Amino acid sequence: MNAVSALRAGDTLCLRGGTYDQALDTNYLPIASGTDWDNNPITITSAPGEKAILKPSGEFVARIAASTPYPKLEYIILDGLVFDGSNLSTTPSHLIMSIGGEGGTQTTASHIRVINSELINAPDGYFIFVGWYATDIQFINNKLHESYPSNLASGAGGTGCGQSACWGYPMY
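Calculation criteria
- Residues numbered from 1 in each chain as written.
- Predicted model: local features only at pLDDT ≥ 70, side-chain atom pairs only at ≥ 80, totals over all residues.
- Heavy atoms only, no water.
- Salt bridge = Lys/Arg side-chain N within 4 Å of Asp/Glu carboxyl O.
- Helix = DSSP H or I, 4+ residues; strand = E, 2+ residues; numbered from the N terminus.
- Buried < 20%, exposed > 50% of the residue type's maximum accessible area, 1.4 Å probe, protein only.
- Phe/Tyr/Trp six-rings, centres within 6.5 Å; stacked < 30°, edge-to-face > 60°.
- Lys NZ or Arg CZ within 6 Å of the ring centre and 35° of its normal.
- Pairing = 2+ DSSP bridges.
- Contact = heavy atoms within 4.5 Å.
- Polar contact = N/O pair within 3.5 Å; in protein donor to acceptor, adjacent residues only side chain to side chain.
- Axes fitted to C-alpha atoms, helices over the stretch in contact; angles between N-to-C directions.
- Core = buried A, V, L, I, M, F, W, Y, C linked by side-chain atoms within 4.5 Å.

Trainee: Lay out the pattern of salt bridges in plain terms, naming residues and giving numbers.
Mentor: If you walk through the whole model with that rule in mind, you get 3 salt bridges. Two residues, Arg16 and Glu50, come together in a salt bridge whose shortest N-O distance is 2.9 Å. Of the two residues, Arg16 sits in the loop between strand 1 (12–15) and strand 2 (18–20) while Glu50 sits in the loop between strand 4 (42–46) and strand 5 (52–54), which places them 34 residues apart along the sequence. Of the residues examined, Glu50 reaches a relative accessible area of 29% and is grouped as partly exposed. Two residues, Asp25 and Arg63, come together in a salt bridge whose shortest N-O distance is 2.8 Å. Within this pair, whereas Asp25 is found in strand 3 (residues 24–25), its partner Arg63 is found in strand 6 (residues 62–64), the two being separated by 38 residues in sequence. By the burial criterion, Asp25 is buried, and Arg63 matches it.

Printed below as a string of structure tokens:
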């Protein structure tokens, strides 16, 4: 996962099939932004015909939020990955994916697309949090399953979103 820090607009990182015990956390592994969907997104994907499973311990499987030296993250695609929360701490409650910061911090993320992926084994049933300053966050053709206890009360599919994040926040 350290290769994430070397990505630039237009790059694709293909992860080989297997289980990775490191989180995709842009607070610790800074990532640059893509510049548009068509030609220059940054894409992190499973290699063709393989399944990369992200299964770290700690707080998150994936945290996509701006950090030094990149004040805003844009045009990032996470495609065909498995985000497995079974090793996450449950005290306090943690979740599989956080986009755009938490707790009202002004860490921004926009144009983030999670596609053809699975989010499984959510601790306490919390799958996804989209922060107040995140916009155009897309979840397309994903599977959310194996969550006990199931918490579907905080938004679509066990998600929460901040005041501006719900705009452009489709669940397909």
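Trainee: Provide a residue-level description of the packing of aromatic side chains, including the pertinent values.
Mentor: Tallying each qualifying case throughout the model produces 1 aromatic pair. Between Arg113 and the ring centre of Trp37, over which it is positioned, the NZ or CZ distance is 3.8 Å.

Trainee: Got a sec to walk through the pairing of strand 7 (residues 72–79)? Specific residues and values, please.
Mentor: In terms of strand pairing, strand 4 meets strand 7 through 4 bridges, oriented parallel. Paired with Ile44 across the bridge in strand 7 is Leu78. Note that strand 7 and strand 10 (residues 108–115) share 7 bridges and pair parallel. Paired with Lys72 across the two strands is Thr108, which belongs to strand 10.

Trainee: Would you mind going over the environment of Ser98 in detail, with residue names and values included?
Mentor: Tracing the sequence through the fold places Ser98 in strand 9 (residues 97–99). Residues Ser98 and Phe60, 38 residues apart in the sequence, show an inter-C-alpha distance of 7.3 Å. Contacts of Ser98, omitting those with residues within four sequence positions, involve Phe60, Ala62, Arg63, Ile64 and Phe129.

Trainee: Mind laying out the side chain of Gln138, listing which residues take part and the relevant values?
Mentor: Relative to the helices and strands, Gln138 resides in strand 13 (residues 134–140). You can call Gln138 buried: its relative accessible area is 16%. Of the polar contacts made by the side chain of Gln138, one reaches the side chain of Arg113; its length is 2.7 Å.

Trainee: How would you sum up unusual backbone geometry? Please name residues and give values.
Mentor: Even without glycine at this site, Tyr75 takes up a positive phi of about 55 degrees. A positive phi angle, near 55 degrees, is found at Asn121, a position not held by glycine. Along the chain, Asn121 falls in the loop between strand 11 (118–120) and strand 12 (128–130). You can call Asn121 partly exposed: its relative accessible area is 25%.

Trainee: Can you break down the sheet that holds strand 4 residue by residue, with the values?
Mentor: Read from one edge to the other, the open sheet built from 5 strands follows the order 1-4-7-10-13, with strand pairing classed as parallel. Looking at strand neighbours, the two that pair on one side only are strand 1 and strand 13, the edges of this open sheet. Each neighbouring strand pair of the sheet contributes to a mean axis angle of 10 degrees, computed without reference to strand direction.

Trainee: Explain the sheet that holds strand 5 to me, using residue names and the numbers behind them.
Mentor: Hydrogen bonds between backbone atoms are what pair the strands of a sheet, whose relative direction is either parallel or antiparallel. The strand order across the open sheet formed by 5 strands is 2-5-8-11-14, and the pairing between neighbours is parallel. A single partner strand is all that each edge strand has here, and the edge strands are strand 2 and strand 14 (143–145). For this sheet, the mean inter-axis angle between neighbouring strands, taken without regard to orientation, is 20 degrees.

Trainee: Tell me what's going on with the nonpolar core, and back it up with residues and numbers.
Mentor: Core analysis: the biggest nonpolar cluster contains 36 residues, and Leu24, Ile44, Leu78, Phe83 and Met97 have the highest contact counts within it. The contacts of Leu78, once residues within four sequence positions are left out, are Leu24, Ile44, Ile64, Phe83, Met97, Arg113, Val114, Ile115 and Ser117.

Read these as spatial facts, not as claims about activity.
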